[in-house]
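Structural description and commentary
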Amino acid sequence: MNENDIMGWDEGLEYEERESSFKILPEGEYEFTVIKLEKAFTKSGENMAKLTLCVEHEGYEYKIFDNIVLRDTLKWKLQQFFISLGLMKTGEALKKMPWGKVVGADGRAIIFHDTYNG
């Protein structure tokens, strides 16, 4: 680190034109690979699966983040997730959710843009 690179909290900032390496994945249907699963909790203490998915499109890797709260009203989302990975069959029950098989599994999903508000 160069001493001249250090900035103070209250400094001004000049705008510099730069090409961004950040790209937005176009909406559509894509194959994905689950690259990370974190078992976490919501603020209210409910179990939650924090997922990181990877989609390759036109030579670029996109990371997609999704959370699935383990709640009765969201069973449909859990079912669709496991079905998309081939870890559950439509119309059949699971005796135990196969979380140990999720990382590295491939699936297919419809991706859309959603605006986060708050």
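The following paragraphs examine the structure supplied in this document.

**Some words on the overall build of the protein**
Each helix and strand counted, the protein has one helix and four strands in total. Its helices and strands taken in sequence order, the protein reads β-β-β-α-β from the N to the C terminus. Its C-alpha radius of gyration of 19 Å places the protein more than 25% over the 13 Å reference for a compact globule of 118 residues. Dimensions of the protein, computed from C-alpha atoms along their principal axes, come out at roughly 60 × 40 × 30 Å. Relative to its 118 residues, the protein shows a buried fraction of 27%. Counting contacts in the protein only where the partners sit at least 6 residues apart, residues at least 24 apart contribute 41% of the total. Counting every atom, the protein has about 10,100 Å² of accessible surface; 50% of that belongs to carbon and sulfur.

**Section: the packing of aromatic side chains**
Taken as a whole, this structure holds three aromatic pairs when the rule is applied. Ring plane angle 65° and centroid distance 5.0 Å describe the contact between Phe82 and Trp99, whose orientation is recorded as edge-to-face. A residue pair is termed long-range when its members are at least 10 positions apart, and Phe82 in helix H1 (residues 75-84) and Trp99 in the loop between H1 and strand S4 (106-111) qualify at 17 residues. Under the relative-accessibility criterion, Phe82 is labelled buried at 1%. An aromatic cluster of at least three residues, connected via ring pairs, comprises Phe81, Phe82 and Trp99.

**A word on the pairing of strand S2 (residues 47-57)**
Across the eleven residues of S2, eight count as buried, placing the element largely inside the fold. Here strand S1 (residues 28-41) pairs with S2 via eight bridges, running antiparallel. Within S2, the residue paired with Glu38 across the bridge is Lys50. The hairpin turn running from S1 into S2, its antiparallel successor, is five residues long, and Gly45 in that turn takes a positive phi close to 90°. In terms of strand pairing, S2 meets strand S3 (residues 60-69) through ten bridges, oriented antiparallel. Bridging from a neighbouring strand, Met48 pairs with Val69 of S3.

**Remarks on the environment of Arg71**
Here Arg71 shows up in the loop between S3 and H1. Distance from Arg71 to Tyr30, taken between C-alpha atoms, is 26 Å for residues 41 residues apart in sequence.

**Observations concerning unusual backbone geometry**
At Glu58, a residue that is not glycine, the phi angle is positive and equals roughly 50°. Note that Glu58 resides in the loop between S2 and S3. In this structure Glu58 comes out as exposed when scored by relative accessible area, which is 74%.

About the criteria used
Every residue gets a number counted from 1 within its own chain, in the order that chain's sequence is written. Per-residue local features are limited, in this predicted model, to residues with pLDDT of at least 70; the limit for side-chain atom pairs, both in listing and counting, is 80 or more; totals at the level of whole chains, interfaces and linings are taken over all residues. Only hydrogens and water are removed before side-chain values are computed, so all heavy atoms of the structure are retained for them. Secondary structure is summarised from DSSP: a helix means a run of H or I of at least four residues, a strand means a run of E of at least two, and numbering begins at the N terminus for each. With C-alpha atoms as the basis for the radius of gyration, the globule rule is written as 2.2 Å multiplied by the number of residues raised to the power 0.38. Buried means the residue's accessible area, taken with a 1.4 Å probe over protein chains only, is under 20% of the maximum for its type, while exposed means over 50%, and partly exposed covers the values in between. The contact definition used throughout considers only heavy atoms, calling two residues in contact when any of these lie within 4.5 Å. For the accessible areas, the method is Shrake-Rupley and the probe is 1.4 Å, while residue cover comes only from the protein chains on display. Stacked, tilted and edge-to-face pairs are distinguished by plane angle, under 30 degrees for stacked and over 60 for edge-to-face with tilted covering the rest, among Phe, Tyr and Trp rings (Trp via its six-membered ring) whose centres lie within 6.5 Å. Any two strands between which DSSP finds at least two bridges are classified as paired.

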